[in-house]
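Fold and geometry: a report
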Amino acid sequence: MLPGVLSWAIITGMFALSILKPLIAAVFMIAFLFYWLLRIIYMNIFLILSYARLKIEKETDWMERAREIDELKPGQPVFCDLSKISGVKKKIAAIIHCRQLRNLKKSGLPAPLSRDIYHLVIIPVIRENIDIVEPGIEAIKNGVYPSGRFLIIIALEEAAPDTVKQDMNKIKDRYRNDFFDFLITVHPANQQGEARVKGANTTFAARRAEEYLIEKGIAFENVLVSCFDADTVANPDYFACLTYYYMISPNRLRLSYQPIPVYHNNMWDVPGFARILDIGTSFFQLIEATNPSKLVTFSSHSISFKVLQEVGYWPPDMISDDSAIFWKSLIHYEGVYQVRPIYTTVSMDIVTGPTLRKTFISIYRQKRRWAWGVENFPIVMRAFLKSKKIALRQKFSYVYKLLDSFISWATWSFLLSLGSWLPVFFASREFATSTVYYTAPRIRHIMFGLASVGIIICMIISLLLLPAKRIKYGFLIKIRHVFEWLLIPVVLLILSALPALDAQTRLMFGSYMEFRATEKYRKKPA
Amino acid sequence: MEVARKILFSIFVLVYAVLCPFIILYSFGYIYQPEKKDISQTGLIYLSSFPSGASVYLEKSRFKNKTPATISELKPGQYQLGLRLKSYRPWSHQVTIEPGKASVFKNVPLLPVKFNEITLLPGGRYTSLAMVRGTDYFVVQEGSRLKEFYIYDRREKEIKPLVGAKAEYSDFAVNSIFTENKSELLIVYGGPLWNKKYLLFNLADINTPPSDITGLFKAYPYALRWSADSTKDVFAVYEGFINRFDIKNYSIYPKYFDGIKGFGLSNRWLYLLGADNVIIKSTPDKKQEIILFEDEHLGRDLFKWSRFYEIKEIYRDALVFWGDRGDLIVSLPPYRIFDKNVSGMEYNESKNRVVFWTKNNIWVADFNMLNTEYALFNDRLQISSAYRQGSSISQCLWAYNGAHILFKDKNDVYLLALNSDGRHHKEHIVSVKDNTDVFYAEDENSLYYLDQGANLTKIQLFPKEKAVPLAEESQ
């Protein structure tokens, strides 16, 4: 309730202040705009740094690094010889790796052997057909990490259409011999204590996996679970990279592992506004990745099965299962839990539909579902109030982070688009003859001008992030893509702030939301 | 990365904490003066002109930007402000800069050095001009007989006689003409002494002969009023009562309102001031009547001068009463504005204010102030003197979306560019034919008049741009 109340208080407060005390409203807007400008600059710095890190690690041989960890002998010092490494990027990557090896060594804790590690991939399916699911399976099979170490579970909903069920069986038949094992679980509908949410299905699948792992005698701490959306296509080095990070992290059982989500699967098949919105999401995750102490899991990510089992799996009654599992773990381990960013990508579909209108509606619903993550707030607050072990500073930090992210999500676009001219619109005669009335728009103009540099940076990085194979689309497509960024103020208002405010308002009034699988649609290659 | 982030975060917090107050102080006009090593508060000037692009002069120096321009960081004091634009008259103004305040001159009207006079009806034979308000029609007169009256359609730029030279009433001597705002009906009264007639014309269909509605009139009315929306109801105002005519069915409702000494008509309501000083508003069919005022003592005191009051609704029952002896009363404090000598009033809807004038003075009553600002014991109508040096002011018109006043003093027409600091600019526009009225068409920023050679002439006061900005006076 609190985030919704605060968001509405900010928006309506700005309206009221603009009418009653436009001078104060104008001053507030100047202070806010300056804050916003600094945030934009700050975020852009970390966007560049994070992107650089992604580029640096792009050519890393994660399997080789994992072997280096395997070969780490107790008592033997870590020696890094950079002289044989050519290229700045590789040298920086080697320095980072070396530092991590030393940390591991310093911890004195043994790392699991790479050959002991299994990957459990859970893919929840309800309406997605073979065209959507198969590329992800294919990518795992063709990835760097040996496919024989994978247990794939397609977590089917009982309510899924028969055609989808048949599709999944086809996939199973096609790939069962490529992996350690391939299972299909069918989550019964209408279970007591469950809501119609994805978390209920994945939890059901994970419990089945628990039985399976016990039966096979595989230690939970050697299993990394990746809960992927049905459309997720992991980068070929994703699981190798994940394995490396799992091995090298001394506190690996108190971590979730978050890749950078990109939306390349169908990015050229969707309208421009949808494209830039989801590229914006990728950028946001890139920026967030630079701040692991406050990072929260988002969308497709990975976690140790041991942790998952100890915390009791995903909540079966929450929409935002991806972030909820982090909060659940943080609370379970009394604050000793973090998300580790891993600098590789998983690619997903941009939500779309057969018509522009349907695409628009689907995107709106998806963003509203994401914004439903605010449902974690009361749970976290209650847990924080109860817990005596979590440091006050950490509690404050997380509460601030939650409030800040959800409130700024729902309000900033409104403040920037409407709030900045409201005081002028409602100006009384007294205010209209003050210097503030005339200097405020000039200050706003300068700040918007400076902030547009941020958009230019986004344009450049979005070009650099484009999937390489699309270079053939050439210069004109790229130019068009660059200009799409000019839509960002409108897109953020209508398809980001508005659904966020919608979600917060619904939650504020006690509404309940069911998981609605968003439509995924890919053009078949000609 | 996390350490770098923390350091950078601290730097940004510091930058915000230090710079934000400075930015806010700057917005209030505060600047640092290195020579005095002091922070002082300045003011600014905002000015825009119509047309834009004029050079701005402050004292003797030319400002780098052209209008619209903001000149900020001005120390408090008096400055001579000027605007120059080729082919337009220079504009200058003494402005007082106050700390933290903006002196605003929005859409200063720059008048051409020489107006382009367009003769619409040459021939030099016209004697008077009357505009049918709210329409595109002028009634142009070249003699006193009906066949010497013409209708000029300014949109179509064509002139037609009110009646043909051989028509039934062509030699009819015209005594008076009644028109109503936004209505295309026109009633002419005239004829020989023994056979006076009232003729009803429809200007939209001038070729159709007029209807004789003389039978509806028992006597010459003080005024004839009808609503532009209605095609049948006409109210004839007599001393003490009002008759209602149904001109469609040719019927009369004698003494429809009796005991009346004031009357006004708005879109929906009739406003009536009774002989007992009670004010009511009524729908034309009398189905709904609301008493607005019945304070016997105050009423007697207010409406004691004139025999009849014309009532004008400003908004939401804010009324202005203009008596036949020139007293002016408003329904808001301070109620009585003038006891006598008011020779006319004009209301401007867009700015919600009224200009009224006497022979020598022009005044403006700003009804907008009541809505925007409320101060204890000060919620009263703001009336300000706009001009005091008139010698024989006979007409005032709102111009330029109600931002300025056009007035006729003797035979000269002036533009009074209003500034709320009281320093209004008077610019001579044109000299017109003796004892004729002038008219301003807001939609084309043009003044229509009979020139001294008795030709119907038009001048465009301001350039007609694609979107005429809403003019505002300086604050």
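Note that the structure is predicted; figures quoted are calculated from it, not measured.

A few words now on the overall build of chain B. Along its length, chain B carries 3 helices and 40 strands. When the 475 residues of chain B are sorted by exposure, 51% land in the buried category. Contacts spanning at least 24 positions in sequence make up 44% of the contacts within chain B whose residues lie at least 6 apart. For chain B, the exposed area adds up to about 22,800 Å²; of that, 50% sits on carbon and sulfur atoms. Across chain B, the 59 positively charged side chains and the 55 negatively charged ones have centroids separated by 4 Å.

This paragraph deals with the overall build of chain A. Across its full length, chain A carries 19 helices and 8 strands. In summary, chain A has a C-alpha radius of gyration of 24 Å against a globular reference of 24 Å for 526 residues, a match within 12%. Referenced to the eigenvectors of the C-alpha coordinate spread, the extents of chain A come out at roughly 80 × 60 × 60 Å. Looking at chain A as a whole, 56% of its 526 residues are labelled buried.

Right, let's get into the interface of chain B and chain A. Contact residues are listed per partner, giving 33 residues for chain B and 34 residues for chain A. Around 3,000 Å² of area is buried between chain B and chain A when both sides are counted, 68% of it from carbon and sulfur atoms. At the junction of chain B with chain A, the criterion picks out 0 salt bridges. Joining chain B to chain A, the criterion identifies 11 residue pairs in polar contact (both at pLDDT 80 or more). When residues of the side of chain B that touches chain A are traced back to their parent elements, those giving at least two are α1 (2-27), β3 (43-50), β6 (69-74) and β9 (102-109) of chain B. The biggest single contributor to the side of chain B that touches chain A is α1 of chain B, with 14 residues.

On to the pairing of strand β11 (residues 128-131) of chain B, then. Residue and element names in this part refer to chain B. Only one face of β11 is covered, namely the one carrying L129 and M131; the face carrying S128 and A130 has none of its residues buried. Inspection of the sheet shows β11 paired to strand β12 (residues 137-141) by 4 bridges, in the antiparallel sense. Residue pairing for β12: S128 is matched across the bridge by Q141. The loop that links β11 with its antiparallel partner β12 comprises 5 residues; one of these, G134, has a positive phi angle of about 75 degrees.

Before going further, it helps to examine the sheet that holds strand β4 (residues 55-58) of chain B. All names here are of chain B. Spatially, 4 strands are ordered β5-β4-β7-β8 in an open sheet, and the strand pairing comes out antiparallel. Edge strands, defined here as strands with exactly one partner in the open sheet, are β5 (61-66) and β8 (91-97). Ignoring strand direction, the axes of neighbouring strands in this sheet form an average angle of 30 degrees. Taken together, the 4 bridges between β4 and β5 define a ladder with antiparallel strand orientation. Pairing of V56 across the sheet is with F63, part of β5.

This paragraph deals with helix α7 (residues 198-216) of chain A. All names here are of chain A. Helix length check: α7 (19 residues) gives 27 Å between terminal C-alpha atoms against 27 Å at 1.5 Å per residue, within 8%. Burial in α7 covers these residues: K198, G199, A200, N201, T202, T203, A205, A206, A209, E210, Y212 and L213. In this fold, the buried residues of α7 make contact with β1 (118-125), β2 (150-157), β3 (181-187), β4 (223-227), α10 (305-311) and α11 (321-332). One or two steps after α7, the chain reaches G217, where phi turns positive at roughly 70 degrees.

Another aspect to go through is the pattern of salt bridges. All names here are of chain B. Under the defined criterion, the tally for this structure stands at 37 salt bridges over all chains. For E296, the salt bridge identified is with R300, shortest N-O distance 2.9 Å. Residue E296 and its partner R300 are both found in helix α2 (residues 296-302); the two are separated by 4 residues, about one turn of the helix. Looking at E296, the relative accessible area reads 48%, which means it is partly exposed. In this structure R300 comes out as partly exposed when scored by relative accessible area, which is 46%. Connected through shared salt-bridge partners, D136, R154, R155, D443, E444 and K458 make up one network.

Next up on the list: the packing of aromatic side chains. Tallied over the entire structure, the rule returns 58 aromatic pairs over all chains. An aromatic cluster is built from Y145, F150, F179, F182, F228, Y238 and F239 of chain A, whose rings are joined through pairwise contacts. Above the ring of Y256 of chain B, the side-chain terminus of K286 of chain B is found at 4.4 Å from the ring centroid. In this structure, K286 of chain B is placed above the aromatic ring of F257 of chain B, and the distance from its NZ or CZ to the ring centre is 5.1 Å.

Residue and element names in this part refer to chain B. As assigned here, chain B comprises domain 1 (1-41) and domain 2 (44-114). For domain 1 and domain 2, the distance between their C-alpha centres works out to 32 Å. Every contact between the two is made by 6 residues of domain 1 and, on the other side, 6 residues of domain 2. Interface of domain 1 and domain 2: buried area, both sides summed, is about 450 Å²; carbon and sulfur atoms make up 48% of it.

Before going further, it helps to examine the UniProt feature "transmembrane region" (unreviewed entry) in chain B. Taken from the UniProt record, the annotation "transmembrane region" (unreviewed entry) applies to residues 7-32 of chain B. Spanning residues 7-32 of chain B, this segment combines 81% helix with 12% strand, and its end C-alpha atoms are found 30 Å apart.

Another aspect to go through is the environment of A451 of chain A. Residue and element names in this part refer to chain A. Secondary-structure assignment places A451 in helix α17 (residues 435-465). C-alpha of A451 to C-alpha of T163: the two residues are 288 residues apart in sequence and 49 Å apart in space. Setting aside residues up to four positions removed in sequence, A451 forms contacts with W36, L37 and I40.

On the surface, F475, L476, I479, F483 and L486 of chain A cluster together into a nonpolar patch covering about 580 Å² of accessible area. Looking at the secondary structure, you find I479 of chain A in helix α18 (residues 474-484).

This part covers the packing of helix α5 (residues 130-141) of chain A against helix α6 (residues 162-175) of chain A. Residue and element names in this part refer to chain A. The geometry of α5 relative to α6 is characterised by a closest axis approach of 10 Å and an angle of 20 degrees between their N-to-C directions. Comparing the axis directions of α5 and α6 gives the class roughly parallel. Seen along the crossing, α5 lies across α6 with a hand that is right-handed. Facing α5, whose interface residues are I130, V133, E134, I137, E138 and K141, α6 presents D167, M168, K170, I171, R174 and Y175. Class assignment for the residues of the contact of α5 with α6 results in 6 nonpolar, no polar and 6 charged.

Residue and element names in this part refer to chain A. Running from N to C, helix α3 (residues 62-70) and helix α4 (residues 88-107) point in directions that differ by 30 degrees, and their axes come no closer than 12 Å. Here α4 runs roughly parallel to α3, going by the angle between their axes. Note on packing geometry: the crossing formed by α3 with α4 is right-handed. When α3 is examined against α4, the residues R65, E68 and I69 are found in contact with a partner set consisting of A93, A94, H97, L101 and L104. Here the residues of the contact of α3 with α4 sort into 5 nonpolar, 1 polar and 2 charged.

So, about the environment of E310 of chain B. All names here are of chain B. Relative to the elements of secondary structure, E310 occurs in strand β26 (residues 309-315). Separated by 117 residues in sequence, E310 and E427 have C-alpha atoms that sit 32 Å apart. With near-sequence residues (within four places) excluded, E310 lies in contact with F263, V320, F321 and W322.

As a further point, take the environment of E128 of chain A. Residues and elements named next belong to chain A. With respect to the helices and strands, E128 occurs in the loop between β1 and α5. The sequence separation of E128 and D167 amounts to 39 residues, and the corresponding C-alpha distance is 9.1 Å. Only 3.0 Å separates the side chain of E128 from the backbone nitrogen of I126, close enough to count as a polar contact.

Our focus in this paragraph is the side chain of D327 of chain B. Residues and elements named next belong to chain B. Structurally, the position occupied by D327 is in the loop between β27 (318-323) and β28 (328-330). Buried D327, no salt bridge; nearest opposite-charge side chain is R336, N-O distance 4.5 Å. Of the polar contacts made by the side chain of D327, one reaches the side chain of S306; its length is 2.5 Å. If we ignore the near neighbours within four places in the chain, the residues touching D327 are L302, W305, S306, Y309, F321, W322, F338, D339 and K340.

Criteria and cut-off values
Residues numbered from 1 in each chain as written. Chains lettered and ligands numbered in written order. Predicted model: local features only at pLDDT ≥ 70, side-chain atom pairs only at ≥ 80, totals over all residues. Heavy atoms only, no water. Helix = DSSP H or I, 4+ residues; strand = E, 2+ residues; numbered from the N terminus. Buried < 20%, exposed > 50% of the residue type's maximum accessible area, 1.4 Å probe, protein only. Contact = heavy atoms within 4.5 Å. Areas by Shrake-Rupley, 256 points an atom, 1.4 Å probe, with all protein chains shown as cover. Lys, Arg positive; Asp, Glu negative; His and termini not counted. Charge placed at Lys NZ, Arg CZ, Asp CG, Glu CD. Rg over C-alpha atoms; globule rule 2.2 N^0.38 Å. Buried area = accessible area lost by both parts, 1.4 Å probe. Salt bridge = Lys/Arg side-chain N within 4 Å of Asp/Glu carboxyl O. Polar contact = N/O pair within 3.5 Å; in protein donor to acceptor, adjacent residues only side chain to side chain. Pairing = 2+ DSSP bridges. Axes fitted to C-alpha atoms, helices over the stretch in contact; angles between N-to-C directions. Expected span 1.5 Å × (residues − 1). Phe/Tyr/Trp six-rings, centres within 6.5 Å; stacked < 30°, edge-to-face > 60°. Lys NZ or Arg CZ within 6 Å of the ring centre and 35° of its normal. Domains from an automatic or database assignment. UniProt positions renumbered as here; feature names shortened; annotations may be inferred. Patch = residues over 30% accessible without salt bridge, like charges linked within 9 Å, V, L, I, M, F, W, Y side chains within 5 Å. Parallel < 35°, antiparallel > 145°, perpendicular 65-115°, else oblique. Left-handed = near helix turned anticlockwise from the far one by under 90°. Nonpolar A, V, L, I, M, F, W, Y, C, P; charged D, E, K, R; others polar.

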